[in-house]
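Reading the structure
These are the residues of each chain, in order.
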Amino acid sequence: MTYAMGESLQMAVYSRLAGDPGLDDLIHGAVFDAVPERAPDLFVAMGPEQARAQSDVSGACSIHDIQLSVVTTREGYLAAKSVAGRVSDALSSSALTLTRGRVVSLRFLRARARRDKTQGTRRIDMWFRAHLDEELI
């Protein structure tokens, strides 16, 4: 098992989302790893990740479950759902390019939409599963 590809995966996901024109039309570049104190009223936040070993004789492999959240202070869920759909489309449009290793597969796992009354927000938390392989040369 190696977690060495975790950074590469995060950079690739961030780059894909930040560089997606359709998503940018909706959130104007508001994709964050660390949410700023003065966040806009609609944004995407990179969240927690869980990784586990999947290595075999062919090399170091791992499974990464990553969370991406669409957060809004707007009324209703319509805008957040539009952004969530675009995030999903952006991640499934073509394979991500990693600086270390390769993505064998990336798929949507689940989503949960909820209100956070303490924060005064609505959010959609989405989980994606990435199977990564670090090919041995």
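The sections below set out a description of the structure shown in this document. Because the structure is a prediction, the values reported are computed rather than measured. (Residues numbered from 1 in each chain as written. Predicted model: local features only at pLDDT ≥ 70, side-chain atom pairs only at ≥ 80, totals over all residues. Heavy atoms only, no water.)

1. Remarks on the pairing of strand E5 (residues 121-135)
For a regular strand, side-chain orientation follows a simple rule: the groups alternate between the two sheet faces. Within E5, twelve of the 15 residues are buried, which leaves it mostly tucked inside the rest of the structure. Bridge count between strand E3 (residues 59-72) and E5: 14 bridges; the pairing is antiparallel. Bridge assignment links Ser62 to a residue of E5, and that residue is Leu132. Pairing between strand E4 (residues 102-116) and E5: 13 bridges, direction antiparallel. Its bridge partner lying in E5, Arg112 is registered against Asp125. Following E4, the chain reverses through four residues before pairing antiparallel with E5; Gly120 in that reversal takes a positive phi of roughly 70 degrees. (Buried < 20%, exposed > 50% of the residue type's maximum accessible area, 1.4 Å probe, protein only. Helix = DSSP H or I, 4+ residues; strand = E, 2+ residues; numbered from the N terminus. Pairing = 2+ DSSP bridges.)

2. Observations concerning the nonpolar core
Grouped together as the largest cluster of nonpolar side chains are 33 residues, with contacts concentrated most on Val13, Leu17, Leu68, Val70 and Val87. Of all the secondary structure elements, the ones that give two or more residues to this core are helix H1 (6-18), helix H2 (21-27), strand E1 (31-32), strand E2 (42-53), E3, helix H3 (78-92) and E5. Residue contributions to this core peak at six residues, all from H3. Beyond its immediate chain neighbours, meaning those up to four positions away, Val70 contacts Leu42, Phe43, Val44, Ala80, Val83, Ala84, Arg122, Arg123, Ile124 and Met126. (Core = buried A, V, L, I, M, F, W, Y, C linked by side-chain atoms within 4.5 Å. Contact = heavy atoms within 4.5 Å.)

3. Focus on unusual backbone geometry
Look at His28: it is not a glycine, yet its phi comes out positive at around 50 degrees. Relative to the assigned elements, His28 resides in the loop between H2 and E1.

4. Description of the packing of H1 against H3
If you want to describe how two helices pack, look at the angle between their axes and the distance between the axes. Running from N to C, H1 and H3 cross one another at 120 degrees; their axes reach a closest spacing of 10 Å. Comparing the axis directions of H1 and H3 gives the class oblique. The element H1 and its partner H3 pack so that their crossing is right-handed. Contact residues: Val13, Arg16 and Leu17 in H1; Val87, Ala90 and Leu91 in H3. Residue classes in the contact of H1 with H3 are distributed as five nonpolar, no polar and one charged. (Axes fitted to C-alpha atoms, helices over the stretch in contact; angles between N-to-C directions. Parallel < 35°, antiparallel > 145°, perpendicular 65-115°, else oblique. Left-handed = near helix turned anticlockwise from the far one by under 90°. Nonpolar A, V, L, I, M, F, W, Y, C, P; charged D, E, K, R; others polar.)

5. Comments concerning the packing of aromatic side chains
Taken as a whole, this structure holds two aromatic pairs when the rule is applied. Note on Phe32 and Phe43: the rings are 5.7 Å apart at their centroids and 65 degrees apart in plane angle, and the pair reads as edge-to-face. Placement of the pair is Phe32 in strand E1 and Phe43 in strand E2, with a sequence separation of eleven residues. In terms of burial, Phe32 and Phe43 fall into one category: buried. Their ring planes at 70 degrees and their centres at 5.7 Å tell us that Phe108 and Phe128 sit as a pair that is edge-to-face. Here Phe108 is found in strand E4, whereas its partner Phe128 is found in strand E5, with 20 residues between them in sequence. Under the relative-accessibility criterion, Phe128 is labelled buried at 2%. A cation sits over an aromatic face here: Arg110 above Trp127, 4.4 Å from the ring centre. Positioned above the aromatic ring of Tyr77 is the side chain of Arg122, whose terminal nitrogen or guanidinium carbon lies 5.1 Å from the ring centre. (Phe/Tyr/Trp six-rings, centres within 6.5 Å; stacked < 30°, edge-to-face > 60°. Lys NZ or Arg CZ within 6 Å of the ring centre and 35° of its normal.)

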